Amino acid sequence: MTISLPHVLIIDDNPGDIELIRIAFEMAGIEAVFTTCHDGVDAIRRLDLAMQTGNLPALMLLDLNMPRANGYEVLTFLHDQHLLVELPVIVLSTSSLVEDRRRCLALGARAMFTKPESIHDLRSLISDLRKYLPLQDVSTP
C-alpha cells in the first residue's frame, strides 16, 4: 500500500509568499504536492483543465490582490462552476478588512485569513488546515 500525497494549489503573485507557504507546510510536518499559479487568469485556466480531467486539488490557497484576474474573480469562477463544495478554498491575503472577509465567504471560500507576519504563525495556520487534506490510500498490486 502506498500513500498518495494531497495536491495543494497555491495562487499568489508573490514568489516569496509561495515559498513561505511551502516552508510552513514542511515545518508543520504536512507532506503535499504543490502547484502554483501567479495570477487569476492562469489559475482559472488550470482549474478549468482540472475540472475537465477530474483532477481537482485537495486544497486551494488563494491570494486576493493579483494581476490580470484577482482572487474574487477566481472565487466567482469556482462558485459558478459549483466546485466550492468539493474544493476547499482558503483565502490568504494582506487584507484584514471585514468586507473582504464577508465577500470571500459569500462567494464560497471556507475561510479567509490575513497573511501572518511570522513564519511560526504561518506554520500554525497551515497546521490548522490539515483537516482539509485527507490522505488517500492507494493499493499497489
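Here the structure is a predicted model, which is why all the values come from computation and not from measurement.

A. Molecular detail of the nonpolar core. Ile11, Met60, Leu62, Leu75 and Leu78 are the most contacted members of the largest nonpolar core, which totals 25 residues. If you list the elements that add at least two residues to this core, you get strand S2 (7–11), helix H2 (40–53), strand S4 (59–62), helix H3 (71–80), strand S5 (89–93) and helix H4 (98–107). Of all the elements, H3 adds the most residues to this core, at 5 residues. Residues contacting Leu75, with those up to four places away along its chain left out, are Leu62, Leu84, Val89, Val91, Cys104, Leu107 and Ala109. Counting residues in each nonpolar core, the second largest holds 20 residues, with Ile10, Ala24, Ala32 and Leu133 among its members.

B. Molecular detail of the packing of aromatic side chains. Counted under the stated rule, the structure contains 1 aromatic pair. Here Phe25 and Phe34 contribute two aromatic rings whose centre-to-centre distance is 5.1 Å and whose plane-to-plane angle is 80°, an arrangement assigned as edge-to-face.

C. The arrangement of the sheet that holds strand S3 (residues 33–37) in detail. Spatial ordering of the open sheet is given by S3-S2-S4-S5-S6, a layout of 5 strands whose pairing is parallel. Edge strands, defined here as strands with exactly one partner in the open sheet, are S3 and strand S6 (111–114). With direction set aside, neighbouring strand axes in the sheet form an average angle of 20°. Most of the contacts of H2 go to S3, to which it runs at about 130°, and overall it touches S2, S3 and S4. Against the sheet, H3 engages S2, S4 and S5, with an angle of about 150° to S4.

D. Spatial organisation of the packing of H3 against H4. At a closest axis distance of 9 Å, the pairing of H3 and H4 adopts a crossing angle of 20°. Relative to H4, the element H3 is oriented roughly parallel. Along the contact surface, H3 presents Tyr72, Leu75, Thr76 and His79, while H4 presents Asp100, Arg103, Cys104 and Leu107. Across the contact of H3 with H4, the residue classes tally to 4 nonpolar, 2 polar and 2 charged.

E. Seen up close, helix H1 (residues 15–27). Look at H1: 18 Å from first C-alpha to last across 13 residues, which is about the 18 Å you get at 1.5 Å a residue. Residues of H1 that are buried: Asp17, Ile18, Ile21, Ala24 and Phe25. Angularly, the buried residues of H1 cover 120° about the axis, an arc narrow enough to put them on a single face. Facing away from the buried side of H1 by more than 90 degrees, the exposed set consists of Pro15 and Glu26. Where H1 is buried, its residues contact S2, S3, S4, S5 and helix H5 (119–128). Measuring from the side-chain oxygen of the N-cap residue of H1 to the backbone nitrogen of Gly16 gives 2.8 Å; that N-cap residue is Asn14. Phi for Gly29, located one or two positions after H1, is positive at around 75°.

About the cut-offs
Residues numbered from 1 in each chain as written. Predicted model: local features only at pLDDT ≥ 70, side-chain atom pairs only at ≥ 80, totals over all residues. Heavy atoms only, no water. Core = buried A, V, L, I, M, F, W, Y, C linked by side-chain atoms within 4.5 Å. Buried < 20%, exposed > 50% of the residue type's maximum accessible area, 1.4 Å probe, protein only. Helix = DSSP H or I, 4+ residues; strand = E, 2+ residues; numbered from the N terminus. Contact = heavy atoms within 4.5 Å. Phe/Tyr/Trp six-rings, centres within 6.5 Å; stacked < 30°, edge-to-face > 60°. Pairing = 2+ DSSP bridges. Axes fitted to C-alpha atoms, helices over the stretch in contact; angles between N-to-C directions. Parallel < 35°, antiparallel > 145°, perpendicular 65-115°, else oblique. Nonpolar A, V, L, I, M, F, W, Y, C, P; charged D, E, K, R; others polar. Expected span 1.5 Å × (residues − 1). Arc of directions from axis to C-beta. Polar contact = N/O pair within 3.5 Å; in protein donor to acceptor, adjacent residues only side chain to side chain.

Structural measurements only, silent on function.
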